[in-house]
Amino acid sequence: MQELSPMAKRQLKRIHPIFLTLILGCFASSKVLAFTFQEANQAYEDALRSFAQSDLKAAVLFLKNSLKNNPTHLPSKILMAEVLIAQGDGAGAEIELTYALKNGADEKRILPLLLEAQLLQKKYEQVVASNFPPGSNARLKSQITMLKGRAFVAQKKYVRAEQIFRQSLTYNANNVLAILGRAQVALLRENLKQARTYTEQALAKDPTNSNGLLMLANIEQMQGNKEAALIKVNEIIALNRENFPALLMRAGLFIDKGQYQAALLDVTVILNQIPNEPRANYLKAITNIALGNEAESEATIKHLKTVLTGVPDEVMQENPVYYYLAGVISFGQGEYLQAQDALRKYFDINKEDTRALKLLAKTEFRLNEPFAAKSYLVKARLINPDDIETWSLLGRAYMATEAPEKAEKYFLDVIRALPRESGVRLDIARLYLSTGQTDKAIASLQQAEELANEQTDKGDLYLLFTRAYQDNNQIDMALTSVEKVIALRGQDSFLYQLKGSLLGLGGEHEKARLAFEQALTFDAGNYQAVLHLARMEMLSGNIKQSNKRLQQYIEQNAPNTSLMLELGQNYLRLNEPANALTWFEKAYAQDRGNNKALIQLVNYHSKLNDIPQALTLVEDYLDRFNKDGEILLIAADLYLKDKQNDKALQAHQLAVKHSEEKAGALLALAKTQLLFGEDDNAITSLEKALVRDERFSQAYLQLIDIYNTRQDFDNAMRTIVQLEKVLPGRQLTTVLKGDTYRLNNQYARAVSAYQAALKIKPSQQATLGLYRVYQAKEQHQQAVNLLEARINSYPDDLLSAVALADSYKALGELEKAADFYESLIKRFPNAPVLFNNAAAIYLVLERFDKAAEYAEAAYARLPDNVAIIDTKAWVETLRGNYQQALPLYRQALALDVDNMEVLYHLAYTLSKMGRSDEAVKYLQDVLANGQAYAGKKEAEALLKSLQP
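Every value quoted in this text rests on a predicted model; they were computed, and no experiment measured them.

Rules used throughout
- Residues numbered from 1 in each chain as written.
- Predicted model: local features only at pLDDT ≥ 70, side-chain atom pairs only at ≥ 80, totals over all residues.
- Heavy atoms only, no water.
- Helix = DSSP H or I, 4+ residues; strand = E, 2+ residues; numbered from the N terminus.
- Buried < 20%, exposed > 50% of the residue type's maximum accessible area, 1.4 Å probe, protein only.
- Contact = heavy atoms within 4.5 Å.
- Areas by Shrake-Rupley, 256 points an atom, 1.4 Å probe, with all protein chains shown as cover.
- Lys, Arg positive; Asp, Glu negative; His and termini not counted.
- Charge placed at Lys NZ, Arg CZ, Asp CG, Glu CD.
- Phe/Tyr/Trp six-rings, centres within 6.5 Å; stacked < 30°, edge-to-face > 60°.
- Axes fitted to C-alpha atoms, helices over the stretch in contact; angles between N-to-C directions.
- Parallel < 35°, antiparallel > 145°, perpendicular 65-115°, else oblique.
- Left-handed = near helix turned anticlockwise from the far one by under 90°.
- Nonpolar A, V, L, I, M, F, W, Y, C, P; charged D, E, K, R; others polar.
- Patch = residues over 30% accessible without salt bridge, like charges linked within 9 Å, V, L, I, M, F, W, Y side chains within 5 Å.
- Salt bridge = Lys/Arg side-chain N within 4 Å of Asp/Glu carboxyl O.
- Expected span 1.5 Å × (residues − 1).
- Polar contact = N/O pair within 3.5 Å; in protein donor to acceptor, adjacent residues only side chain to side chain.
- 1 Å grid on protein atoms, 1.4 Å probe; cavity = no way out; pocket = protein on both sides within 12 Å on 5 of 7 lines; lining within 4 Å.
- Points joined across faces, edges and corners; volume = space filled by probe spheres on them.
- pLDDT = per-residue confidence, 0-100.
- Core = buried A, V, L, I, M, F, W, Y, C linked by side-chain atoms within 4.5 Å.

Engineer: Can you help me understand the overall build of the protein chain in this one?
Structural biologist: Looking only at helices and strands, one finds 55 helices and zero strands in the protein chain. With the C-alpha coordinates of the protein chain rotated into their principal frame, the extents come out at 105 × 90 × 55 Å. When the 948 residues of the protein chain are sorted by exposure, 50% land in the buried category. Across the protein chain, contacts joining residues at least 24 apart in sequence account for 51% of those joining residues at least 6 apart. Entry remark: accessible area of the protein chain is about 45,800 Å², with carbon and sulfur atoms responsible for 50%. Charge separation in the protein chain, taken as the distance between the mean sites of 110 positive and 112 negative side-chain charges, equals 3 Å.

Structure, rendered in structure tokens:
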């Protein structure tokens, strides 16, 4: 066989690493990019050159032309943002960057620019709260940390800023802007000597850095060396005639020297670009006054006033006693929000009134805010520790805030203080029912029954008995109890509905149906009875009759959210999503606090990939109900899809706090923390999840994955052993052991584990694990034998098929690999990975037309995948079609800024186009990164050949 060239060998290495990620989405429908490459690309390349030359106006014009030809061109959107930032237009830049991010641009490329845009808009808290994007390298971490330092400076938190700048330099000691950040902090602290030292350190690394020169000019000015300051500012403006901070400083220096006309020229340059810049307007007004231009100065001052915003008037406080009386009246009328507002205002003034505190707590209970109620009651107890009503209310508060031990303590205190009181025993019975302690609940109810007198409402007592017996699966006893309530309260629709439910649980469906119908004879508006009857009809297969019953009720009675949701669900069962949506929307319009209706609507819009609409619904809901853990989890998922990572993390953290299923919420939080590179925090979250539920297998699996990624063999194996206790005798744990051995290079043990797993069940996971061992040991024939056997038994296993093709390639059997891909493409014509990998094989075989055909086919199926874009571009490069390749590389880097192979390919292409200076810059970035990638040696050789 002919020896392959180094480039061909490298091309082969590109095939396999992407197949696992591509195959997962290979059958998904892909949006088609209407990408007019050449039209957009030429304008973009011209804009790029103009921006490099600091000709911002020309850059904007070229970018407008680029975006006119292709409004979705991500490289142009990103460059436009950079230009706007250079012009000081943070809001405009943020719009462009937000669009780019939502349309697939690499967050590692976007976030630093977005933080700069936010700094321009004084959104300091957003900058400080930002997280590192997944996969951030040290250089990017240094850049983001430096920008946070700038935010702390703007907030005048100088100690924190200094700490953050130092942290930035631990990531990258050559970060000139971080060094200048330290200089700025020293300058603001009036330590001019230290500021000069840091500035000179920065300029030693980058002598033409405009920020450093401007800093030095500031230092000279503060030390009274105005001529020296002017020299430095002139150097900056010589580098960039539209450096606005330098122009502002020079205008000020000119004013000090009495050169008003020169100052006016500088501020005019700024105001032509940013008409509302306050400082420039101020200097313009001063210069016009000095020059005697009164009309112009007055117009400027008037304009400046419209730019500045005022502050709202302070709210006058009323007599405190009126707040309290308003709260009492509002509470009595059921206007709880008004009562809350009035009582809180009263409490702000008079914090010692326990009457107000208890009433405020009761108001918070009615508003479903038990945590707020608890805080007020704790204060009331501190003021008057012997108030028994406060104890009772505290018991209810702790019960509602998931602190059953404390709730029980307070209820028992009340029982000890009032041993003949039956009402508190009902409270503690409710507590026991809420915590699943039905035997204790029944015992408390029996004691309450013994203490009951003529003033006791035995109906509530027997209703609680009914619930307790139902929870204890004593259906006959529950039926007896509900019959007692019926005997006490007469023909009550709710009670017959409850009786029907119990009869249904007991399997007496005909009697249950009669009970529900009887419930309706007492109250035709009992929607629960209607719902039960409709469900019975649906379960019997008569969905249309179920719908008829539900719609008839809705038409004849007040709109009912539960029935509307049931109708929507029925239409989904009938595969009529449009009708389902109509009813879900009606349900949510009827009750905008109904999270079930909200979830249905969000699911509908999410399936259509309308994330903005789904988020709008969720955010509106959470503005009103911010402690709904279920919706917070949904919000977190939507924020991740919308690339609002900070909000996603915050939503996950709140979901953990407020969710009933805390183990699941902690797992979701851990996955998000992993996405942001917070591995230690993720481990902590998962360990907390296992404390909540020691049988939570998903948490174990996630922990094992983290430990394996870290090659932490001991902790990985310890966790697998714990999982074995939860899932004894399962193949899964055997495969996991194999993975752990393999990832820690214990190949003999890994082979034994995988083979043991395959004896239990011939699974794909065990097969691919064993294949990877053979691959690592370069035992390619054993891999072929294993995978051929797998494919013979499971011909539809595409992952194993791609691995088999990769093994043919590893053996040097390129024609066989190509033929195998051809056969796979016939069977799986919509799998982009197959076309992409086949294209790479044909490139090595120098069958360029075939490579181009398959690269185009992969791109048509998955146009947003960086590896596929790069393959298509590289094919064009090797065919000499550099102009066609160039915009593809630009697009790929917009989606993955740190892709070293794409950067190398771009540099290689630019070198072939005679643009050696640009090629050298990209190659220097590639080699400075330190990241391992195929083609590094070629990049080093190319750089050497291009440098003098």
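Engineer: Would you explain the packing of aromatic side chains in this entry?
Structural biologist: Note on aromatic pairs: each is described by the distance of the centres and the angle between the planes. One pass over the full model with this rule turns up 12 aromatic pairs. Between the aromatic rings of Phe465 and Tyr469, the centroid separation amounts to 5.7 Å while the plane-to-plane angle is 10°, which identifies the pairing as stacked. Of the two residues, Phe465 and Tyr469 are both situated in helix α27 (residues 458–471); the distance of four residues between them amounts to about one turn of the helix. With centroids separated by 6.2 Å and ring planes inclined at 55°, the aromatic side chains of Tyr904 and Tyr908 adopt a geometry described as tilted. Placement of both Tyr904 and Tyr908 in helix α53 (residues 900–912) is noted, with a separation of four residues, approximately one turn of the helix. We note that Tyr904, like Tyr908, is buried.

Engineer: Help me understand the environment of Ala299, please; the structure alone is not making it clear to me.
Structural biologist: Along the chain, the position of Ala299 falls in helix α18 (residues 294–307). Residue classification places Ala299 among the partly exposed positions, given a relative accessible area of 43%. With 521 residues separating them in the primary sequence, Ala299 and Phe820 have C-alpha atoms 77 Å apart.

Engineer: How do you make sense of the packing of helix α13 (residues 210–222) against helix α15 (residues 244–256) when you look at a structure like this?
Structural biologist: For any two helices packed against each other, one specifies the inter-axial angle together with the distance between the axes. The contact between α13 and α15 brings their axes to 11 Å, and the two run at 25°. Between α13 and α15, the angle falls in the class roughly parallel. When you trace α13 past α15, the crossing you get is left-handed. Where α13 approaches α15, its residues Leu214, Ala217, Asn218 and Gln221 are matched on the opposing element by Pro245, Ala246, Met249, Leu253 and Asp256. Residues of the contact of α13 with α15, tallied by class, amount to six nonpolar, two polar and one charged.

Engineer: Can you walk me through a negative patch on the surface in this structure?
Structural biologist: Where like charges cluster on the molecular surface, the negative patch consists of Glu402, Glu630, Glu660, Glu661, Asp693 and Glu694. Tracing the backbone shows Glu694 in the loop between α40 (679–692) and α41 (697–709). Classification of Glu694 by relative accessible area gives exposed; the value is 59%.

Engineer: Sorry, what's going on with the pattern of salt bridges here?
Structural biologist: One side chain can pair with another of opposite charge once the charged atoms of both are near each other. A complete count under the given rule lists 50 salt bridges for this structure. A salt bridge links Lys511 to Glu508; the nearest nitrogen and oxygen atoms lie 3.1 Å apart. By relative accessible area, Glu508 is classed as partly exposed at 31%. Where salt bridges share partners, they join Glu45, Arg890, Arg915 and Glu918 into one cluster.

Engineer: When you look at helix α47 (residues 798–810) in this model, what are you seeing that I'm missing?
Structural biologist: Counting along an α-helix, one turn takes 3.6 residues, and residues three or four places apart therefore face a common direction. Here α47 spans 18 Å end to end across 13 residues, near enough to the 18 Å set by a 1.5 Å rise per residue. Most of α47 sits out of view: 12 of its 13 residues are buried. Those residues of α47 not exposed but buried are Leu798, Leu799, Ser800, Ala801, Val802, Ala803, Leu804, Ala805, Asp806, Ser807, Tyr808 and Lys809. The opening residue of α47, the one whose side-chain oxygen lies 3.4 Å from the backbone nitrogen of Leu799, is Asp797. Positive phi shows up at Gly812, right after α47, with a value of about 85°.

Engineer: What should I look at first to understand the side chain of Ser911 in this one?
Structural biologist: Tracing the sequence through the fold places Ser911 in helix α53. In this view, Ser911 contacts Ala919, Leu942 and Leu946; residues no more than four positions away in its chain are not counted.

Engineer: Help me out: how do you make sense of the layout of surface pockets in this one?
Structural biologist: Empty pockets left among the atoms are what a rolling probe the size of a water molecule brings to light. In this structure, the second largest pocket spans a volume of roughly 1,200 Å³. What lines the second largest pocket is a set of 35 residues, and nearest its centre among them are Asn368, Glu369, Pro370, Ala400 and Lys627. Of all the elements in the fold, those that place two or more residues in the lining of the second largest pocket are α20 (336–349), α21 (354–366), α22 (370–383), α23 (388–400), α36 (611–624), α37 (629–641), α38 (645–658) and α39 (662–675). It is α23 that contributes the most residues to the lining of the second largest pocket, four residues altogether. Its residues assigned to classes, the lining of the second largest pocket comprises 13 nonpolar, seven polar and 15 charged.

Engineer: Which parts of the structure should I look at to understand unusual backbone geometry?
Structural biologist: Negative phi is the rule for most residues except glycine; trans is the rule for most peptide bonds. In the Ramachandran plot, Lys643 falls in the positive-phi region, its phi being about 60° despite a non-glycine side chain. With respect to the helices and strands, the residue Lys643 is situated in the loop between α37 and α38. A positive phi angle, near 60°, is found at Glu778, a position not held by glycine. As for its placement among the helices and strands, Glu778 is situated in the loop between α45 (764–776) and α46 (780–793).

Engineer: Please explain the packing of α41 against helix α43 (residues 731–743) as it appears in this structure.
Structural biologist: Where α41 meets α43, the closest approach of the two axes is 10 Å, and the angle between their N-to-C directions is 15°. When the axis of α41 is compared with that of α43, the two are roughly parallel. Two packed elements cross with a definite hand, and for α41 against α43 that hand is left-handed. For the pair α41 and α43, the contacting residues are Leu701, Ile704 and Asn708 in the first and Leu732, Leu736, Asp739, Thr740 and Leu743 in the second.

Engineer: Quick question: what am I supposed to make of the side chain of Asn137 here?
Structural biologist: Here Asn137 lies in the loop between α8 (124–128) and α9 (138–154). Its relative accessible area of 18% is what places Asn137 among the buried residues. For Asn137, the side chain forms a polar contact with the main-chain nitrogen of Arg139, separated by 3.2 Å.

Engineer: Is there a simple way to think about the confidence of the model for the protein chain in this case?
Structural biologist: If pLDDT is low for a region, its predicted coordinates should not be looked at in detail. Per-residue confidence for the protein chain gives a mean pLDDT of 84, with 91% of residues at or over 70. Between residues 1–37, whose pLDDT stays under 50, and residues either more than four places distant or in other chains, the model counts 87 contacts. Here residues 307–319 is modelled with pLDDT under 50, and outside its nearest four sequence neighbours on either side it reaches five contacts, counting other chains as well.

Engineer: Hey, could you run me through the nonpolar core in this one?
Structural biologist: Nonpolar side chains in soluble globular proteins tend to end up buried together. Core analysis: the largest hydrophobic core is formed by 135 residues, its most contacted members being Tyr821 and Leu834. Here the element with the most residues in this core is helix α49 (residues 832–844); it accounts for nine residues. Leave out the neighbours within four places in its chain, and Leu834 touches Leu798, Val802, Tyr821, Leu824, Ile825 and Phe828. Of all hydrophobic cores here, the second largest spans 97 residues; its members include Phe331, Tyr496, Leu567 and Ile631.

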